[in-house]
Amino acid sequence: MSALLRQIPANIPPDIRKIRIENSHLTELPRGSFENVSALEYLWLNFNNITVMHIKSLEYLPALKELRLQGNKLSSVPWTAFQDTPALKILDLKHNRLDVLPEHALRYLPNLTYLDLSSNQLTVISRDVFYSWPVYQRSQRAEGQIEAISNAVLALHDNPWICDCRLRGFVQFIKSVGPPIILMNSYLTCSRPKFRAGKFFHEVELNSCTKPLTSALDTNLTVPVGLNITLTCFVQGSPSPAIWWTYALKLLRAFNVSTEHINEETVRSELLIPAARPGDAGIYTCTAANFLGNTSVAITLHVGASWAPTTAPDWAPIAPAEPGAHVEVRIAKQTVYGITLEWFAAAAAAADPGETWYTLLVGRYDAAQKDTIYIGPGVNTYSVTNLLPATKYEVCVAVRNQAPRKGQCVVFVTGNDVSQLEQREKLIHIIVIVCAMVLAVPAGMYACTAEARPGCLARCSGACPRRRRGGQAQAAGSKESTLDSLPAGSEDGLCRHEGGRGARQPPAREEPGKTRPPHRNSADLY
């Protein structure tokens, strides 16, 4: 109990008669799991994680009387494995995931007296499963005889049964079954179809299965431009068939298709085409299919001229306006190339928002024709893109095919577009200005910052002797000179020596009467 076992132990004594391993981590029963314990009579493996059972997992167990596999994860059972357990009397498979019970399932359980298949995923099974059960066959042969036959308990409740024609034979078996076969719970209930959900087996009468039959009241329709049209087909069949619509070999989305059960075997399917346009004309096909076959009906749609004149600039009504059908519109977001609209319908237009269609009219403000966009039910926002920049547009939202009223239109102007060419021109101008500023920096600044080491000026001023007085006067006369007059060199170039070390040559005096050359700025040097 609650042991961390992942497989059946291999060292089980051969004379063991009962094994019980529960709440463990067993995931499978491999071949020959119990080949060394041929005397085993009771095997309980409840509440593990067993998902796979090998067809020879019960080999060498001729004396096995009871097998309990409750609360595991078995989706199928190799029923032929019970050929190796002819003495089996109790088989407990409840709370698993079994969804199929083949016709030969009980053929190899001749002495079974208790079978529990409750709380699984069984939906449809054949009555032949039980007609081939040796226990049931013996009961039929012994009917009216004195021969005593032991009872067999059968549990089939809490499964999601689909009560259609495929379950007809099984329902008849459940209604007629009696001793020696005893149902643990005779009140089996239907889960599907929806109109039979929750009903007991003894309350339903199921008919035989039939191939679908499709029909339409009118297979040739004509509708004016702008009006809604609904195509309808009726389908009879059992079990209830799958239905779909196609147009020009393309499957139409279920967004515009509705299906409704008229009675147990008749279904009505409708395809809605809002505000029909000439491009909607053509052949629409309604197809139905179940496991017995499929059938279809074709409906031809013609879209004629509009029955009401329209003037595009004023957007005249395509159909009579409905009182109270007003829509409030606003711009939720705007970009250079488009906008995002939001709207909500008031009064009668919002009576049934799940069925309300909208018409969107988009175009330039001065355009005679506007583009028409149809918006389905449940949608109250739309993005208009790929518009021209710096252009005046108008967008209107109307209910279904009605004409837009005052307050249902929005006029806006898209933003300016900055082209890549203009961006490149601006970039070139910036580069020219930056280059001019860089070239205006004196050459001496490059010398000090690029070649001179930190502290250059401080060491230079300490190494150079003081100027003579005569030199001071000369320096005073040349204050207008800039760093351009400094030679681009090292410290030796900054501090010239006169004759020997420590002496500095004074600057040459200007000769009287000699004209001083005009000062040149840094730009002239380049």
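Everything numeric in this text was worked out from a predicted model, so none of it was measured.

The rules behind the values
Residues numbered from 1 in each chain as written. Predicted model: local features only at pLDDT ≥ 70, side-chain atom pairs only at ≥ 80, totals over all residues. Heavy atoms only, no water. Disulfide = S-S within 2.5 Å. Helix = DSSP H or I, 4+ residues; strand = E, 2+ residues; numbered from the N terminus. Buried < 20%, exposed > 50% of the residue type's maximum accessible area, 1.4 Å probe, protein only. Contact = heavy atoms within 4.5 Å. Patch = residues over 30% accessible without salt bridge, like charges linked within 9 Å, V, L, I, M, F, W, Y side chains within 5 Å. Areas by Shrake-Rupley, 256 points an atom, 1.4 Å probe, with all protein chains shown as cover. Salt bridge = Lys/Arg side-chain N within 4 Å of Asp/Glu carboxyl O. Pairing = 2+ DSSP bridges. Axes fitted to C-alpha atoms, helices over the stretch in contact; angles between N-to-C directions.

(A) Structural context of the state of the cysteines. Under the definition given, this model contains four disulfides. At a sulfur-sulfur separation of 1.9 Å, the disulfide partner of Cys-163 is Cys-190. Every disulfide takes its handedness from the sign of the S-S torsion; for Cys-163 and Cys-190 that torsion is -90 degrees, giving left-handed. Taken together, the residues Cys-163 in the loop between β9 (161-162) and α3 (168-176) and Cys-190 in strand β11 (residues 190-192) connect sequence positions 27 residues apart. The exposure class of Cys-163 is buried, given its relative accessible area of 0%.

(B) Region of the structure containing the environment of Ala-81. With respect to the helices and strands, Ala-81 occurs in the loop between β5 (66-68) and β6 (90-92). Judged by its relative accessible area of 0%, Ala-81 is buried. Residues Ala-81 and Glu-59, spaced 22 residues apart in sequence, show a C-alpha to C-alpha distance of 7.8 Å. Once you skip the residues sitting within four places of it in the chain, Ala-81 turns out to touch His-54, Ile-55 and Leu-58.

(C) Examining the side chain of Thr-287 more closely. Inspection of the secondary structure assignment puts Thr-287 in strand β19 (residues 282-290). Look at Thr-287 and you get buried, because its relative accessible area is 11%. Sequence-distant contacts of Thr-287, that is, excluding residues within four places in its chain, are made with Ala-242, Ile-243, Trp-244, Thr-295 and Ser-296.

(D) Spatial organisation of α3. Residues of α3 that are buried: Gly-169, Phe-170, Val-171, Phe-173 and Ile-174. Where α3 is buried, its residues meet α1 (128-131), α2 (134-141), β9 and β10 (181-183).

(E) Seen up close, unusual backbone geometry. Residue Pro-180 follows Pro-179 across a cis peptide bond; omega there is 15 degrees. Residue placement: Pro-180 occurs in the loop between α3 and β10. In this chain, Arg-192 is followed by Pro-193 through a cis amide linkage whose omega measures -5 degrees. A positive phi angle, near 55 degrees, is found at Phe-47, a position not held by glycine. Note that Phe-47 resides in the loop between β3 (42-44) and β4 (52-53). Classification of Phe-47 as partly exposed rests on a relative accessible area of 38%. One non-glycine residue with positive phi stands out, namely Ser-119, at about 55 degrees. Judged by its relative accessible area of 18%, Ser-119 falls in the buried class.

(F) Geometry of a nonpolar patch on the surface. A cluster of nonpolar residues, Ile-430, Val-434 and Val-438, forms a patch on the protein surface that exposes about 250 Å² of accessible area. As for its position among the elements, Val-438 is in helix α4 (residues 420-439). Its relative accessible area of 41% is what places Val-438 among the partly exposed residues.

(G) Region of interest: the sheet that holds strand β14 (residues 229-238). Ordered in space as β12-β14-β18-β17, the four strands form an open sheet in which the pairing is antiparallel. Either end of the sheet is taken by a strand with one partner, and the two such strands are β12 (210-215) and β17 (257-261). With direction set aside, neighbouring strand axes in the sheet form an average angle of 20 degrees.

(H) Representation of the pattern of salt bridges in the model. Under the criterion given, the structure shown has 12 salt bridges. We note a salt bridge from Arg-68 to Asp-92, for which the minimum N-O separation is 3.3 Å. With Arg-68 in strand β5 and Asp-92 in strand β6, this pair connects stretches of sequence that are 24 residues apart. With respect to burial, Arg-68 and Asp-92 carry one shared label: buried. A salt bridge links Glu-342 to Arg-330, with the shortest nitrogen-to-oxygen separation between them at 2.6 Å. Taken as a pair, Glu-342 in strand β22 (residues 339-346) and Arg-330 in strand β21 (residues 326-334) lie far apart in primary sequence, 12 residues in all. For Glu-342, a relative accessible area of 31% corresponds to the partly exposed category. In this structure Arg-330 comes out as partly exposed when scored by relative accessible area, which is 46%. Residues participating in the shared-partner salt-bridge network are Glu-66, Arg-68, Asp-92, Lys-94 and Asp-116.

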